[in-house]
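One-letter residues, chain by chain:
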Amino acid sequence: MIDLYTWTTPNGRKVSIMLEELGLPYTAHAINIGEGDQHAPEFLAIAPNNKIPAIVDNETGIQLMESGAIMVYLAEKTGRFLPAEGAARYAVLQWLMWQMGGIGPFLGQAHHFLFYNRGKAPYAEERFAKEAKRLYGVLDKRLQDREFIVDDYSIADMAVWPWIARFERQDIDLAEYPHVRAWYERVAARPAVISGYDVPKVTEPIPMP
């Protein structure tokens, strides 16, 4: 039913985890961003911004890029993991946007400078390490009295979790954020998260604190 174009990155794993949680039939197509597959004309026809993930829903004819848009679409298509109306819906969307505007960009920069390019840009390392810790602190406070980001497991959790799965690359010690750690382990134990993590191929095991 659904063609998923993806790679083993946090943004890609958001959607493969969600598809596994929903139990929707899909075919994963590997877009190896290290080899430049994202620049192929066939992929650009689906995702003009040449970024994964992207989907084509062969049932509706809808094709989408941008992980957040894809997650909202799938949630509304199935009626799951995003409340249909009211305060609960906007709470989930709020935390989804927080991931897209904060967690994704800033943790991505943190692991770019701290893991892949350490020592090349001290100012950038300091700036993004500080912001990573601030964001983890926001999440830790949010989770101090709840099991999931917005009470029930939702697309907000699926969007944030794959970025937290790179805590080691971000120089983050999860012991300093006990509520994040408990939530992270809780989500990591879900069968759909385990299977969705290995799409489109098996890489390393899920990192555990």
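Our structure is the block above this text.
Residues numbered from 1 in each chain as written. Predicted model: local features only at pLDDT ≥ 70, side-chain atom pairs only at ≥ 80, totals over all residues. Heavy atoms only, no water.

(A) Expanded view of the pairing of strand S3 (residues 54–57). Where burial is concerned, the two faces of S3 agree: the one with Ala54 and Val56 and the one with Ile55 and Asp57 are both buried. Pairing between strand S1 (residues 2–6) and S3: four bridges, direction antiparallel. Its bridge partner being in S3, Asp3 is matched across the sheet by Val56. Bridge analysis of S3 against strand S4 (residues 62–65) gives four bridges, and the strand direction is antiparallel. Across the sheet, residue Ile55 finds its bridge partner in S4, namely Leu64. (Buried < 20%, exposed > 50% of the residue type's maximum accessible area, 1.4 Å probe, protein only. Helix = DSSP H or I, 4+ residues; strand = E, 2+ residues; numbered from the N terminus. Pairing = 2+ DSSP bridges.)

(B) Spatial organisation of the nonpolar core. Ranked by internal contacts, the top residues of the largest apolar core, which has 63 residues, are Leu74, Ile155, Trp161, Ile164 and Trp183. Among the elements of the structure, S1, helix H1 (10–22), helix H3 (67–78), helix H4 (86–116), helix H5 (122–142), helix H6 (155–164), helix H7 (178–188) and helix H8 (191–197) are those that each provide at least two residues to this core. If we ignore the near neighbours within four places in the chain, the residues touching Ile164 are Ile103, Leu107, Tyr136, Leu139, Leu174, Val180, Trp183 and Tyr184. Core analysis: the next-biggest nonpolar cluster, separate from the first, contains nine residues, Tyr5, Trp7, Ile31 and Val56 among them. (Core = buried A, V, L, I, M, F, W, Y, C linked by side-chain atoms within 4.5 Å. Contact = heavy atoms within 4.5 Å.)

(C) Quick look at the layout of surface pockets. Quantified by volume, the largest pocket comes out at close to 760 Å³. In terms of lining residues, the largest pocket is bounded by 26 residues, among which Thr9, Asn11, Lys51, Ile52 and Trp163 are the most central. Those elements that provide at least two residues to the lining of the largest pocket are H1, H3 and H4. In terms of residue count, H4 provides more of the lining of the largest pocket than any other element does, eight residues in total. Grouping the constituent residues of the lining of the largest pocket by class yields nine nonpolar, twelve polar and five charged. (1 Å grid on protein atoms, 1.4 Å probe; cavity = no way out; pocket = protein on both sides within 12 Å on 5 of 7 lines; lining within 4 Å. Points joined across faces, edges and corners; volume = space filled by probe spheres on them. Nonpolar A, V, L, I, M, F, W, Y, C, P; charged D, E, K, R; others polar.)

(D) H6, seen in detail. Here H6 lies mainly inside the structure; ten of its ten residues are buried. When H6 is considered as a whole, its buried residues turn out to be Ile155, Ala156, Asp157, Met158, Ala159, Val160, Trp161, Pro162, Trp163 and Ile164. For H6, the elements touching its buried residues are H1, H3, H4, H5, H7 and H8.

(E) Structural context of the pattern of salt bridges. One pass over the full model with this rule turns up nine salt bridges. Arg146 is the partner of Asp145 in a salt bridge, and the nearest nitrogen-oxygen pair spans 3.3 Å. The closest approach of N and O atoms between Asp151 and Arg146, which form a salt bridge, is 3.4 Å. Residues joined by salt bridges that share partners form a network here, namely Asp57, Glu59 and Lys77. (Salt bridge = Lys/Arg side-chain N within 4 Å of Asp/Glu carboxyl O.)

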